[in-house]
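Each chain is listed here by its residues.
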Amino acid sequence: MTTVPAIDHRATGYSPAHAYWLARAADLAYKDESTIAAEVGRWGFGRVRHHRTTFRPPFPLEDTQAYTMAGDHMIITAFRGTEPAQIRDWLSDATTPPWPGPANKGFVHYGFGEALESVFPEVKKTLAEFRDNGQTVWFTGHSLGGALAMLAGARLYFEDPNLLADGVYTFGQPRTCDLTLAGACDKAFTRRTYRFVNNNDIVAQLPPEPVYHHVQTLRYIDSGGKVHDSMPLLGGLADRAKGLTADAFAPASDAVRDHSMKKYLAALEKNLS
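If you're wondering where the values come from, they're calculated on a predicted model, not measured in any experiment. (Residues numbered from 1 in each chain as written. Predicted model: local features only at pLDDT ≥ 70, side-chain atom pairs only at ≥ 80, totals over all residues. Heavy atoms only, no water.)

Another point: the packing of aromatic side chains. All told, the structure shown has 12 aromatic pairs when counted by the stated rule. Relative to Phe189, the ring of Tyr157 lies with its centre 6.0 Å away and its plane at 75°, an arrangement referred to as edge-to-face. Separated by 32 residues along the polypeptide, Tyr157 in helix α6 (residues 144-159) and Phe189 in the loop between α7 (179-188) and β8 (193-198) bring together distant segments of the chain. Its relative accessible area of 2% is what places Phe189 among the buried residues. Ring geometry for Phe171 versus Phe196: centroids 5.1 Å apart, planes at 20°, classification stacked. (Phe/Tyr/Trp six-rings, centres within 6.5 Å; stacked < 30°, edge-to-face > 60°. Helix = DSSP H or I, 4+ residues; strand = E, 2+ residues; numbered from the N terminus. Buried < 20%, exposed > 50% of the residue type's maximum accessible area, 1.4 Å probe, protein only.)

According to the stated counting rule, one finds 8 salt bridges in the structure shown. With a shortest N-O distance of 2.9 Å, Glu129 and Arg49 are connected by a salt bridge. One end of the pair, Glu129, is in helix α5 (residues 120-130); the other, Arg49, is in strand β1 (residues 47-54), with 80 residues separating them in the sequence. In this structure Glu129 comes out as partly exposed when scored by relative accessible area, which is 43%. For Glu159, the salt bridge goes to Arg155, with nearest N and O atoms at 2.9 Å. Note that Glu159 and Arg155 are positioned in helix α6 at a spacing of 4 residues, about one turn of the helix. Residue Glu159 is classed as partly exposed on the basis of its relative accessible area, which comes to 39%. (Salt bridge = Lys/Arg side-chain N within 4 Å of Asp/Glu carboxyl O.)

Before going further, it helps to examine the sheet that holds strand β3 (residues 74-79). Pairing between the strands of a sheet is mediated by backbone hydrogen bonds and can be parallel or antiparallel. Read across the sheet, 8 strands follow the order β1-β2-β3-β6-β7-β8-β9-β10 without closing on themselves; strand pairing throughout is mixed. A single partner strand is all that each edge strand has here, and the edge strands are β1 and β10 (227-228). Relative to β8, strand β7 (residues 167-171) is paired through 4 bridges, and the arrangement is parallel. Within β8, the position partnered with Phe171 by the bridge is Phe196. (Pairing = 2+ DSSP bridges.)

A separate point is unusual backbone geometry. That bond from Leu206 to Pro207 is cis: its omega, -15°, falls within 30 degrees of zero. Counting through the fold element by element, Pro207 comes out in the loop between β8 and β9 (218-221). In this chain, Glu209 is followed by Pro210 through a cis amide linkage whose omega measures 5°. With a phi close to 55°, Ala103 is a non-glycine residue in the positive phi region. Within the secondary structure layout, Ala103 lies in the loop between β4 (98-100) and β5 (107-109). The class of Ala103 is partly exposed, set by a relative accessible area of 41%. Its identity is not glycine, yet Asn104 carries a phi of approximately 60°, on the positive side. Position of Asn104 among the secondary structure elements: in the loop between β4 and β5.

Glancing now at the nonpolar core. In this structure, Phe79, Leu116, Phe139 and Cys185 are the most contacted members of the largest nonpolar core, which totals 35 residues. The leading source of residues in this core is α6, at 10 residues. Among the nonpolar cores identified, the runner-up in size contains 32 residues, and Tyr20, Val40, Tyr194 and Leu268 belong to it. (Core = buried A, V, L, I, M, F, W, Y, C linked by side-chain atoms within 4.5 Å.)

Attention shifts here to the pairing of β9. Of the two faces of β9, the one holding Leu218 and Tyr220 and the one holding Arg219 and Ile221 are both buried throughout. Examined bridge by bridge, β8 and β9 share 4 bridges and lie parallel to one another. Of the residues in β9, the one forming a bridge with Val197 is Tyr220. Where β9 and β10 come together, 2 bridges link them in antiparallel fashion. Paired with Tyr220 across the bridge in β10 is His228.

Spacing of three or four residues puts side chains on the same side of an α-helix, whose turn is 3.6 residues. Burial in α7 covers these residues: Leu181, Ala182, Ala184, Cys185, Asp186 and Ala188. Where α7 is buried, its residues contact β5 and α6. (Contact = heavy atoms within 4.5 Å.)

You can see Pro97 is positioned in the loop between α3 (84-91) and β4. Of the residues examined, Pro97 reaches a relative accessible area of 43% and is grouped as partly exposed. Along the sequence, Pro97 and Phe107 sit 10 residues apart, while their C-alpha atoms lie 9.6 Å from each other.

Structure, rendered in structure tokens:
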């Protein structure tokens with residue numbers, strides 16, 4: 001049985017344990033407000049604020065949900081994701097109109113841009129209020145929440161270079177922006193952004209290239225649940241094929257199954273040992 005260490009409020013860089021706890025924070029974003037408040041208290045965070053807005057974009061997305069928790073040494077903002085069935089159709093549309101990237105750097109998927117815009121001013125205001133002790137700042141999220149976490153970190157920094165987050169950790173994040181913004185993020189967030197992809201996760205393969213791109217930093221989870229610093233081309237293709245054949249009765253479901261936040265948490269906990 002894996003021994004899970006307590007969250008390290010003084011963490012400043014990458015570690016398997018810190019990745020695991022940011023995944024826990026991303027998973028918690030799916031819970032109700034009272035559950036979130038109780039759990040972050042147990043984790044040692046004395047303050048929490050919930051962010052929720054509703055809107056009517058031209059996509060099957062009705063709101064943005066997130067929360068920010070703060071302790072004496074660390075602040076984490078986690079964005080809620082959505083189910084693959086709800087996100088897959090509009091992510092598959094490469095003709096979606098662009099939304100200007102932060103500080104006019106490239107462009108982002110319109111749905112992501114509007115979703116973040118609806119909540120970002122409140123998130124930024126909360127960070128300014130809660131960061132009263134020079135705390136480190138982290139963004140995290142799963143699925144749609146991963147896209148919003150990446151864009152929130154980018155927007156915070158590119159609109160004010162003094163506000164560089166200490167880390168952005170995403171899980172099953174879809175492609176979010178064009179090559180220009182992805183490149184700018186790669187440069188600005190070197191050793192600060194970690195994009196986890198579980199084997200054949202379908203959402204991580206959308207929207208389609210070449211219009212949309214991922215940031216470069218990848219932590220690939222193979223079909224056995226082991227986390228790698230990258231995905232070798234030949235070995236990665238063989239491993240993804242292995243994942244597809246893991247369930248002989250429903251091989252096509254592997255791409256959706258691999259998107260589950262439970263899968264990410266199980267793999268990250270396994271890699272603690």
